[in-house]
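A look at the structure
Given next are the chains, with one letter for each unit.
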Amino acid sequence: MKIGIIGAGFIGGTLTRKLRALGHEVRVSNSRAPETLAELAAESGAVATWAGEAAKGADLVIISIPQKNVPQLASDVLAGANPGVVVIETNNYYPKERDGLIAEIEDGLPESLWVSKHLGVPVYKAFNGIWWKHLRDKSKGADRPDRIALPIAGEDGPAKDIVFALISELGFEPIDGGALEESWRQQPGTPVYGKDFGRVDALEALAQAPTERPEAFRA
């Protein structure tokens, strides 16, 4: 699969390495020039590019940048992607530590709906709650009952099936986090966030998520 990754931090960089190791074609970018990703490109075999070129020819695009930077993405950042491109966003809203106040999110709009609104396309929320070192080191085969479960929120259909398959290929247990409107169930501060739960415990944690954002994750 041809994959574009916008954001080469802990999650974006880890996914670049792992997806290339699985044989996918990867174009990766950050907020600076491609030359700043020379080491990652040489190590992984990914193509370092400008953010505006990362989605070129892509079947799937992963957005993994600080939440506050989403509005800075060019309006045509996905224009070069293939028709029907699947978009995953891994972002989290950290108002106290990094992002400052984002009024719509503070007023109750789920983080991923806010991202979808800015990108102008449907997105899938995934990879936002796993520590990057566990993403790097704790993958397991599909036959293992103790795989870490990763929730996926977004519209049902073939695109969601692709995200499910990709997460399984990466060595984790994909579970349904519901529609994007329910993606608040896996936002920071919820019972599933940051936990290495298996399928049963992760599904229970999603069901127990409070509707109100925890105070620690409010501006």
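Here, every reference points to the structure presented above.
Residues numbered from 1 in each chain as written. Predicted model: local features only at pLDDT ≥ 70, side-chain atom pairs only at ≥ 80, totals over all residues. Heavy atoms only, no water.

Observations concerning the overall build of the chain
- Per the secondary structure count, the chain includes 8 helices and 8 strands.
- Scaling as 2.2 N^0.38, a compact globule of 219 residues should have a C-alpha radius of gyration of about 17 Å, and the chain matches this with 16 Å.
- The dimensions of the chain, computed from C-alpha atoms along their principal axes, are 45 × 45 × 30 Å.
- When contacts within the chain are restricted to residue pairs at least 6 apart in sequence, long-range pairs at least 24 apart make up 68% of them.
- If you sum the accessible surface of the chain, you get close to 10,000 Å²; carbon and sulfur atoms cover 53% of it.
- Charged side chains of the chain number 24 positive and 30 negative; the gap between the two group centres comes to 5 Å. (Helix = DSSP H or I, 4+ residues; strand = E, 2+ residues; numbered from the N terminus. Rg over C-alpha atoms; globule rule 2.2 N^0.38 Å. Contact = heavy atoms within 4.5 Å. Areas by Shrake-Rupley, 256 points an atom, 1.4 Å probe, with all protein chains shown as cover. Lys, Arg positive; Asp, Glu negative; His and termini not counted. Charge placed at Lys NZ, Arg CZ, Asp CG, Glu CD.)

As for the layout of surface pockets
- Size it by volume and the largest pocket reaches roughly 730 Å³.
- In terms of residue count, helix 1 (residues 10-21) provides more of the lining of the largest pocket than any other element does, 3 residues in total.
- Computed from the structure, the second largest pocket encloses a volume of approximately 190 Å³.
- Lining the second largest pocket are 16 residues, with Trp184, Gln187, Thr211, Glu212 and Arg213 positioned closest to its centre.
- Residue composition of the lining of the second largest pocket, grouped by class: 7 nonpolar, 4 polar and 5 charged. (1 Å grid on protein atoms, 1.4 Å probe; cavity = no way out; pocket = protein on both sides within 12 Å on 5 of 7 lines; lining within 4 Å. Points joined across faces, edges and corners; volume = space filled by probe spheres on them. Nonpolar A, V, L, I, M, F, W, Y, C, P; charged D, E, K, R; others polar.)

Some points on the pairing of strand 4 (residues 60-63)
- Alternating positions in strand 4 separate into two faces, Leu60 and Ile62 on one and Val61 and Ile63 on the other, with burial throughout.
- In this sheet, strand 4 lies alongside strand 1 (residues 2-6) in parallel orientation, the contact comprising 4 bridges. Residue pairing across strands places Ile5 opposite Ile62, the latter belonging to strand 4.
- As judged from the 4 bridges shared by strand 4 and strand 5 (residues 86-89), these two strands associate in the parallel manner. Counterpart to Val61 in the pairing with strand 5 is Val87. (Buried < 20%, exposed > 50% of the residue type's maximum accessible area, 1.4 Å probe, protein only. Pairing = 2+ DSSP bridges.)

A look at empty space enclosed by the protein
- Under the defined criterion, the tally for this structure stands at 1 cavity of 30 Å³ or more.
- For the largest cavity, the calculated volume is near 100 Å³.

Here's the deal with unusual backbone geometry
- The backbone of Phe127 sits at a positive phi, close to 65°, despite the residue not being glycine.
- Relative to the helices and strands, Phe127 is located in the loop between strand 6 (124-125) and helix 6 (132-137).
- Residue Phe127 is classed as buried on the basis of its relative accessible area, which comes to 2%.

Describing the pattern of salt bridges
- The tally for this structure, following the rule as stated, stands at 16 salt bridges.
- In this structure, Arg136 and Asp137 form a salt bridge, with 2.8 Å as the shortest nitrogen-oxygen distance.
- Asp137 gets classed as partly exposed once you look at its relative accessible area, which sits at 48%.
- Connected through salt bridges with shared partners, the residues Glu89, Glu111, Lys125 and Arg213 form a single ionic network. (Salt bridge = Lys/Arg side-chain N within 4 Å of Asp/Glu carboxyl O.)

Thoughts on the sheet that holds strand 3 (residues 47-48)
- The strand order 3-2-1-4-5-6 describes an open sheet built from 6 strands, whose pairing is parallel. Edge positions in the sheet fall to strand 3 and strand 6, since each of these pairs with one other strand and no more.
- Note: strand 5 against strand 6, 2 bridges, orientation parallel. Residue Ile88 lies in a different strand from strand 6, and its bridge partner there is Tyr124.
- Relative to the sheet, helix 7 (residues 158-169) contacts strand 1, strand 4, strand 5 and strand 6, its axis offset from that of strand 5 by approximately 55°. (Axes fitted to C-alpha atoms, helices over the stretch in contact; angles between N-to-C directions.)

Examining the nonpolar core
- In terms of nonpolar packing, the biggest core is built from 28 residues, with Leu15, Leu19, Ile88 and Phe127 touching the most fellow members.
- Elements that contribute at least two residues to this core include exactly strand 1, helix 1, strand 2 (25-29), strand 4, strand 5, helix 6, strand 7 (149-152) and helix 7.
- Among all residues touching Leu15, those that are not within four sequence positions of it are Ile5, Ile62, Phe127, Leu135 and Leu170.
- Within the second largest apolar cluster, 21 residues are counted, among which are Leu73, Leu78, Ile102 and Leu119. (Core = buried A, V, L, I, M, F, W, Y, C linked by side-chain atoms within 4.5 Å.)

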